[in-house]
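# Geometric and topological summary
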Amino acid sequence: MSQWDPPARLSYWAFHSDRRPAYMRFAYLQLGSDAAAEEAVDSAFDSIMGEWLRMLHMDRLDAYAWTVLKQRIAGRQYRHSPWPEPMDISAFEAALKGAHAEADQYEVLTDAIRFYSAVSRLAERQRDTVLLRYGLECTPGEAAAIMGVDEATVRSQLGQAQRRLALLLDTSAES
């Protein structure tokens, strides 16, 4: 990095500070611990830094960075398989976050577990868009920027995911 010209250095750190919070939240949803998320995100940014000058010439720099992050998360999951499944953690957190005093907390928890179990059965892109949109409460535009795709792609993936979830949840309700 010391050999980089100032604009390249500034662009990397701007990208880093812009993406790191969302990458950390996404990695946490996938890995279930701050330490694991930080390890995966730091590893992704180390890789991105090593490729930054080349990435500056890419049409979809964000998409490449998203792929690097996803690979680091998958590698972390593979190496540490005893960790809880990501959807298990998400379900418990969503239930705790969404539980109201008058609501039956057990019912909220079981609904959240059912939902996140169904989400885990979606195609990878659909799962990513659902987690970004609803798990991290990103707008479709923010999710698109994080993933390095067009907003229309995110909207399409969300629509497909919603239709698939409706089928999965309807089917699992009958079980």
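From a predicted model like this one, the values you see are computed outputs, not experimental measurements.

The rules behind these values
- Residues numbered from 1 in each chain as written.
- Predicted model: local features only at pLDDT ≥ 70, side-chain atom pairs only at ≥ 80, totals over all residues.
- Heavy atoms only, no water.
- Buried < 20%, exposed > 50% of the residue type's maximum accessible area, 1.4 Å probe, protein only.
- Helix = DSSP H or I, 4+ residues; strand = E, 2+ residues; numbered from the N terminus.
- Core = buried A, V, L, I, M, F, W, Y, C linked by side-chain atoms within 4.5 Å.
- pLDDT = per-residue confidence, 0-100.
- Axes fitted to C-alpha atoms, helices over the stretch in contact; angles between N-to-C directions.
- Parallel < 35°, antiparallel > 145°, perpendicular 65-115°, else oblique.
- Left-handed = near helix turned anticlockwise from the far one by under 90°.
- Contact = heavy atoms within 4.5 Å.

## Regarding helix α6 (residues 124-135)
Within α6 the residues assigned to the buried category are Gln126, Arg127, Asp128, Thr129, Val130, Leu131 and Leu132. Downstream of α6 by a residue or two, glutamate 137 has a phi angle that is positive, lying close to 55°.

## Let's talk about the nonpolar core
Counting residues in each nonpolar core, the largest one holds 45 residues, and the members touching the most others are Tyr23, Ile48 and Leu132. Listing elements by their share of this core, those giving two or more residues are α1 (6-31), α2 (34-55), α3 (61-79), α5 (105-119), α6, α7 (140-147) and α8 (151-174). For this core, the element with the most residues is α1, which contributes ten residues.

## A word on the confidence of the model for the chain
For the chain, the mean per-residue pLDDT works out to 84, and 81% of the residues sit at or above 70. Averaged pLDDT values for the elements of the chain fall to 51 in helix α4 (residues 86-98) and rise to 95 in α2.

## A short note on unusual backbone geometry
The phi torsion at glutamate 137 lies on the positive side, around 55°, for a residue other than glycine. Within the fold, glutamate 137 resides in the loop between α6 and α7.

## Quick look at the packing of α1 against α6
Relative orientation and spacing of two packed helices are given, respectively, by the angle between their axes and the distance between those axes. Where α1 contacts α6, the axes come no closer than 11 Å and their chain directions differ by 115°. Taken together, the axes of α1 and α6 lie roughly perpendicular to each other. Once α1 is placed against α6, the crossing between them reads as right-handed. Together, Phe26, Leu29 and Gln30 of α1 and Asp128, Leu131, Leu132 and Gly135 of α6 make up the contact between the two elements.

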